[in-house]
Amino acid sequence: MSCTQHERDLQLHADGELAGSGSLELLTHLQACPECARKVFAIQQLRASIGRTMGEMKAPAALHASIASLLAAESEKRGPEARPAAAPRVYKLHWPAAIAAAVGLALVGVWQLAPWKQREVVDYAALIQPVNVTDNGPVATSLATNIRALHVRCAMMGPGHHDPSLPRKAQDAADQLSTRLGLAVMSGSSLRLASGVPTFEGANVCSLVDAENVAHQVAHLLYRDASQQAISIMSMAPFAELTGLKTRAYNHQNYSVLAPGSSTSCHPFTIVAWSSRQASYVISVPFDDEEAMQYVEPIRVALEREPSIEKLFLAALQ
Amino acid sequence: MPTRQAGFEKVAMPHLDSVYRMARRLTGNETEADDLVQETFLRAYRAFETFQLRQYGAKPWLLKILHNTFYTRIGRQARQPVAMEDVDLNEVAETEQNITSGFAANLNWEGVDQELKGAVNALAPEYREVLLLWAIEGLAYKEIAEVCDVAIGTVMSRLFRARQQVSEKLGRYAREKRIPGSAPT
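Definitions and cut-offs
- Residues numbered from 1 in each chain as written.
- Chains lettered and ligands numbered in written order.
- Predicted model: local features only at pLDDT ≥ 70, side-chain atom pairs only at ≥ 80, totals over all residues.
- Heavy atoms only, no water.
- Helix = DSSP H or I, 4+ residues; strand = E, 2+ residues; numbered from the N terminus.
- Buried < 20%, exposed > 50% of the residue type's maximum accessible area, 1.4 Å probe, protein only.
- Contact = heavy atoms within 4.5 Å.
- Areas by Shrake-Rupley, 256 points an atom, 1.4 Å probe, with all protein chains shown as cover.
- Axes fitted to C-alpha atoms, helices over the stretch in contact; angles between N-to-C directions.
- Parallel < 35°, antiparallel > 145°, perpendicular 65-115°, else oblique.
- Left-handed = near helix turned anticlockwise from the far one by under 90°.
- Nonpolar A, V, L, I, M, F, W, Y, C, P; charged D, E, K, R; others polar.
- pLDDT = per-residue confidence, 0-100.
- Salt bridge = Lys/Arg side-chain N within 4 Å of Asp/Glu carboxyl O.
- Pairing = 2+ DSSP bridges.
- Lys, Arg positive; Asp, Glu negative; His and termini not counted.
- Polar contact = N/O pair within 3.5 Å; in protein donor to acceptor, adjacent residues only side chain to side chain.
- Phe/Tyr/Trp six-rings, centres within 6.5 Å; stacked < 30°, edge-to-face > 60°.

Participant: Could you clarify how one ought to interpret the overall build of chain B in this entry?
Facilitator: The secondary structure content of chain B amounts to 10 helices and zero strands. For chain B, the α and β elements follow one another from N to C terminus as α-α-α-α-α-α-α-α-α-α. Here chain B holds 185 residues, and 55% of them are scored as buried. Excluding contacts between residues fewer than 6 apart, the proportion of contacts in chain B whose partners are at least 24 apart in sequence is 71%. As presented, chain B carries roughly 7,600 Å² of accessible surface, and 46% of it is formed by carbon and sulfur atoms.

Participant: Teacher, can you tell me more about the overall build of chain A here?
Facilitator: Looking only at helices and strands, chain A features 11 helices and seven strands. Pairs at least 24 apart in sequence give 71% of the contacts found in chain A among residues at least 6 apart.

Participant: So what exactly am I meant to see when it comes to the packing of helix H7 (residues 113-121) of chain B against helix H10 (residues 152-176) of chain B here?
Facilitator: The packing of two helices is summarised by the inter-axis angle and the distance between the axes. Residues and elements named next belong to chain B. Viewed as axis vectors pointing N to C, H7 and H10 meet at an angle of 140°, and their least axial separation amounts to 9 Å. Taken together, H7 and H10 sit at an angle that is classed as oblique. Both H7 and H10 take part in a crossing whose hand is right-handed. In contact with Glu115, Leu116, Ala119 and Val120 of H7, H10 contributes Val166, Lys169, Leu170 and Tyr173. Residue composition of the contact of H7 with H10, by class: six nonpolar, no polar and two charged.

Participant: Looking at this model, I keep getting lost on the confidence of the model for chain B. Mind explaining?
Facilitator: Predicted coordinates in regions of low pLDDT should not be interpreted in detail. All names here are of chain B. In this model, chain B carries an average pLDDT of 77, and 73% of its residues clear a pLDDT of 70 or more. Taking the mean pLDDT of every element in chain B, the minimum, 40, falls on helix H6 (residues 98-102) and the maximum, 93, on helix H3 (residues 30-46). Interface predicted TM-score (ipTM) for the complex: 0.75; the corresponding pTM is 0.55.

Participant: How should the pattern of salt bridges be read in this particular structure?
Facilitator: Charged atoms that come close allow side chains of opposite charge to pair. Under the counting rule described, the total for this entry stands at 11 salt bridges over all chains. Glutamate 74 of chain A is paired through a salt bridge with arginine 46 of chain B; the nearest N and O atoms lie 3.1 Å apart. Here the residue glutamate 74 of chain A occupies a position in helix H4 (residues 61-78), and arginine 46 of chain B occupies one in helix H3, the pair thus bridging two chains. On the basis of relative accessibility, which here comes to 42%, the residue arginine 46 of chain B falls in the partly exposed class. Notably, a salt bridge pairs arginine 73 of chain B with glutamate 39 of chain B, separated by 2.7 Å at the nearest N-O pair.

Participant: Would you explain the pairing of strand E3 (residues 230-236) of chain A in this entry?
Facilitator: Side-chain direction in a regular strand flips from residue to residue, so the side chains alternate between the two faces of the sheet. Residues and elements named next belong to chain A. Within E3, seven of the seven residues are buried, leaving the element largely enclosed by the surrounding structure. Neither face of E3 is exposed, since Ala230, Ser232, Met234 and Met236 on one face and Ile231, Ile233 and Ser235 on the opposite face are all buried. Two elements, E3 and strand E7 (residues 280-285), share five bridges in a ladder whose sense is antiparallel. By the bridge assignment, serine 235 is partnered in E7 with tyrosine 281.

Participant: How should the side chain of arginine 128 of chain B be read in this particular structure?
Facilitator: Residues and elements named next belong to chain B. Among the secondary structure elements, arginine 128 is positioned in helix H8 (residues 125-135). Buried and unpaired, arginine 128 has glutamate 126 as its nearest opposite-charge partner, separated by 8.2 Å. Looking at arginine 128, its side chain comes within polar contact range of the main-chain oxygen of arginine 25, at 2.7 Å. Apart from residues lying up to four places away in sequence, arginine 128 is in contact with Arg25, Leu26, Val120, Asn121 and Leu123.

Participant: I would appreciate a short explanation of the packing of helix H4 (residues 58-74) of chain B against helix H9 (residues 141-148) of chain B in the present structure.
Facilitator: All names here are of chain B. Where H4 meets H9, the closest approach of the two axes is 7 Å, and the angle between their N-to-C directions is 40°. By the angle between their directions, the pair H4 and H9 is classed as oblique. Of the residues in H9, those in contact with Pro60, Leu63, Lys64 and His67 of H4 are Glu143, Glu146, Val147 and Cys148.

Participant: Got a minute to help me understand the packing of aromatic side chains in this structure?
Facilitator: In this description, an aromatic ring pair is defined by two values, namely the gap between the centres and the angle between the planes. Under the counting rule described, the total for this entry stands at nine aromatic pairs over all chains. Here the aromatic rings of tyrosine 250 of chain A and tyrosine 255 of chain A are separated by 6.3 Å at their centres, their planes lie at 65°, and the arrangement is edge-to-face. Exposure remark for tyrosine 250 of chain A: the relative accessible area of 25% places this residue in the partly exposed category. Aromatic side chains phenylalanine 48 of chain B and tryptophan 61 of chain B sit 6.4 Å apart centroid to centroid with 35° between the ring planes, which places their arrangement in the tilted category. Within this pair, whereas phenylalanine 48 of chain B is found in the loop between H3 and H4, its partner tryptophan 61 of chain B is found in helix H4, the two being separated by 13 residues in sequence.

Here you go:
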């Protein structure tokens, strides 16, 4: 296909809206065509610049108070509540997910965010290289797109994603586990000190749709890094599409590394998956694969050293 | 605090900054934006029982209410599509080459931030809204379509046009100021 024929897909790709075989075809073209690669880079650069220049505005504190007063007045107008408020429907929290959240990342300081840097001579084709994945087949790309969609949808809920009904006993267990795993993580050779440690935002049970449109329940933990980028940890019962993906070895463990079609070195989004005998784990991060593995390794080690967590996950997802 | 209000605030208030940002960009005025945001949250609170969090994230829901409230205030005339709205997307995409011919992709962005703000603020409201929902709030086409109550194709054409207009303005500015790297390629 010529550059003109790729023009529309190029826009969709730059916006993260192109998936499946179209994305693969376009990426192949971009690697061979510096001009098209430069266009993708320009669109992504424009987005980043608008975000940087115009995205910093925060609501004044007084506005928050005004809204609270308005809502209180409205509540009073409506009269006393006859029954408990109809909260939005959320799935019940499976607390093992919260344990794994504390276990996996509470003591991990892992990565450095590399700020975008201006270069005098820009190799555009190199800049928009796809993430170094282990499997870029249509099933893998489709699954990666769905994982990213779930990540984005839940991240957009912010703290509203969280189900706060965490039993006290579970919290005690999480505390003990964190201490034990903290020691394990700190002694791990893959740990790298970084400028920012992500904070736990919330956990819930969500639904992940695979490439065949089959829904799978996942315990979904969300974290935020210092720049408020969302990081996901998902655990689920293994299913064929996920366990059948191609893998590569890292520190004697096999991982599948995926990326949705829109992911490039300019705007990376890496998904790393692995399975034990009884559960599968998926980590989604807005970084490239090298940084993603720095994140993943301590989590996997912690989960491996505490088999009880996996049992809790499985019990929770039944 | 009543349970319903507490539940609503927990879902909605984390998105206050996003709603406020969009309100400021739509109105261009701090006082009007404050007013618009308050009305948005009040309308959202009244409609809270009908909101399904799982089906439709809180942020797009609030932004949709903001959108509807804003355009109700300024009147239906502002919602009419501008000319060339339904242009063939391939045609629009071809003109996107202005993004790279208007200013080279290695332009020094630090020096044109103010100009960028001006270029975005100069867009027609419907183009500005789509561009900001895409660039700042990170919404997908489908979510933007829900917020703005238009078809996905309309989102795409508005977005492509908005980018084109901003890029052209910046390209002209960069060439006028002889900013390094801005010569047409």
